[in-house]
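# An overview of the molecular structure
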Amino acid sequence: MYTQALNNPAVEAEVEDEEKLAAFQARIDREEKIEPNDWMPAAYRKTLVRQISQHAHSEVVGMLPEGNWVTRAPSLKRKAILLAKIQDEGGHGLYLYSAAETLGVSREELVDQLLSGKAKYSSIFNYPTLNWADVGAVGWLVDGAAIMNQIPLCRCSFGPYSRAMIRICKEESFHQRQGYDLLVA
């Protein structure tokens, strides 16, 4: 099955047509992309909204630890690099919110869920960046780990998410190199 959440009867709010389910699973098995206007099981849609919104929230919240260092960056070059990275992370969140919106949920609803605590984000961003070296470590190690987790998403079954991830992974790779360069310097 395409996700463990679909094996949970509580997730399935309605009984799906077995023929449609079989045809959908066949498309997944052939590694065809599912597009927003294609038929999809309700649980698949719900799981995508949860996963994509959590990812989008993590990208936006991920700007905060480094954003604290914009005014304290040691040089104009480092400040410009940091601003570019923060801008990229905000853009990643926007790509992902847009992908989630194609599933019928509004951006406002997703942000309200984040602010109310109903939605989650990656807890790594709760750790403070206490010194300039921490900013480099975030870029090198955290973005490096993100790339390892996100590369498979470039091949995920949902087209808008897959396409967003291709661009995001390219930019995250750049951020990882920036973090490494910061630590070496």
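Below you will find a few notes about this structure. Note that this is a predicted model, so its numbers are computed, not measured.

### Some remarks on the layout of surface pockets
- Size it by volume and the largest pocket reaches roughly 510 Å³.
- Lining the largest pocket are 24 residues, and of these H55, S58, S122, A146 and Q150 sit closest to its centre.
- Listed by contribution, the elements that provide at least two residues to the lining of the largest pocket are α2 (42-61), α4 (76-101), α6 (132-150) and α7 (159-184).
- The element contributing the most residues to the lining of the largest pocket is α6, with eight residues.
- For the lining of the largest pocket, a count of residues per class yields nine nonpolar, eight polar and seven charged.

### Comments concerning the nonpolar core
- In this structure, Y44, I52, L96, F158, Y161 and M165 are the most contacted members of the largest nonpolar core, which totals 25 residues.
- When residues of this core are traced back to their parent elements, those giving at least two are α1 (18-29), α2, α4 and α7.
- Sequence-distant contacts of F158, defined by excluding residues within four places in its chain, comprise I34, E35, P36, M40, Y44, L48, I52, A99, T102 and L103.

### Things to note about the pattern of salt bridges
- All chains considered together, the criterion is met by nine salt bridges.
- A salt bridge links R107 to E101; its shortest N-O distance comes to 3.0 Å.
- Assessed through its relative accessible area of 31%, E101 is described here as partly exposed.
- What emerges from the salt-bridge pattern is a single network uniting R27, R30, E32 and D38.

### What to know about the environment of Q113
- Positionally, Q113 belongs in helix α5 (residues 107-116).
- As a C-alpha pair, Q113 and H57 span 56 residues in sequence and 9.9 Å in three-dimensional space.
- In this view, Q113 contacts K118 and A119; residues no more than four positions away in its chain are not counted.

### Some details on the packing of aromatic side chains
- Scanning the entire structure with this criterion turns up four aromatic pairs.
- Aromatic ring contacts, followed pair by pair, group F24, W39 and Y44 into a single cluster.
- One residue, R72, lies across the ring of W69, its end atom 3.9 Å from the ring centre.

### A closer look at the packing of α4 against α5
- Contact geometry of α4 with α5 gives a least axis separation of 9 Å together with a crossing angle of 115°. The way α4 lies across α5 gives a crossing that is right-handed. Across the interface between the two elements, L94, Y97, S98, A100 and E101 of α4 pack against R107, L110 and V111 of α5.
- Partitioned by chemical class, the residues of the contact of α4 with α5 number five nonpolar, one polar and two charged.

### Structural notes on empty space enclosed by the protein
- Counting across every chain of the model gives one cavity of 30 Å³ or more.
- Looking at the largest cavity, its volume works out to about 90 Å³.
- What lines the largest cavity is a set of 13 residues, among which I81, L82, V135, Q178 and L182 lie closest to the centre.
- Mapped by element, the contributors of at least two residues to the lining of the largest cavity are α4, α6 and α7.
- Tallied by class, the residues present in the lining of the largest cavity amount to five nonpolar, five polar and three charged.

So, how was this worked out
Residues numbered from 1 in each chain as written. Predicted model: local features only at pLDDT ≥ 70, side-chain atom pairs only at ≥ 80, totals over all residues. Heavy atoms only, no water. 1 Å grid on protein atoms, 1.4 Å probe; cavity = no way out; pocket = protein on both sides within 12 Å on 5 of 7 lines; lining within 4 Å. Points joined across faces, edges and corners; volume = space filled by probe spheres on them. Helix = DSSP H or I, 4+ residues; strand = E, 2+ residues; numbered from the N terminus. Nonpolar A, V, L, I, M, F, W, Y, C, P; charged D, E, K, R; others polar. Core = buried A, V, L, I, M, F, W, Y, C linked by side-chain atoms within 4.5 Å. Buried < 20%, exposed > 50% of the residue type's maximum accessible area, 1.4 Å probe, protein only. Contact = heavy atoms within 4.5 Å. Salt bridge = Lys/Arg side-chain N within 4 Å of Asp/Glu carboxyl O. Phe/Tyr/Trp six-rings, centres within 6.5 Å; stacked < 30°, edge-to-face > 60°. Lys NZ or Arg CZ within 6 Å of the ring centre and 35° of its normal. Axes fitted to C-alpha atoms, helices over the stretch in contact; angles between N-to-C directions. Left-handed = near helix turned anticlockwise from the far one by under 90°.

Coordinates in, geometry out; function isn't part of it.
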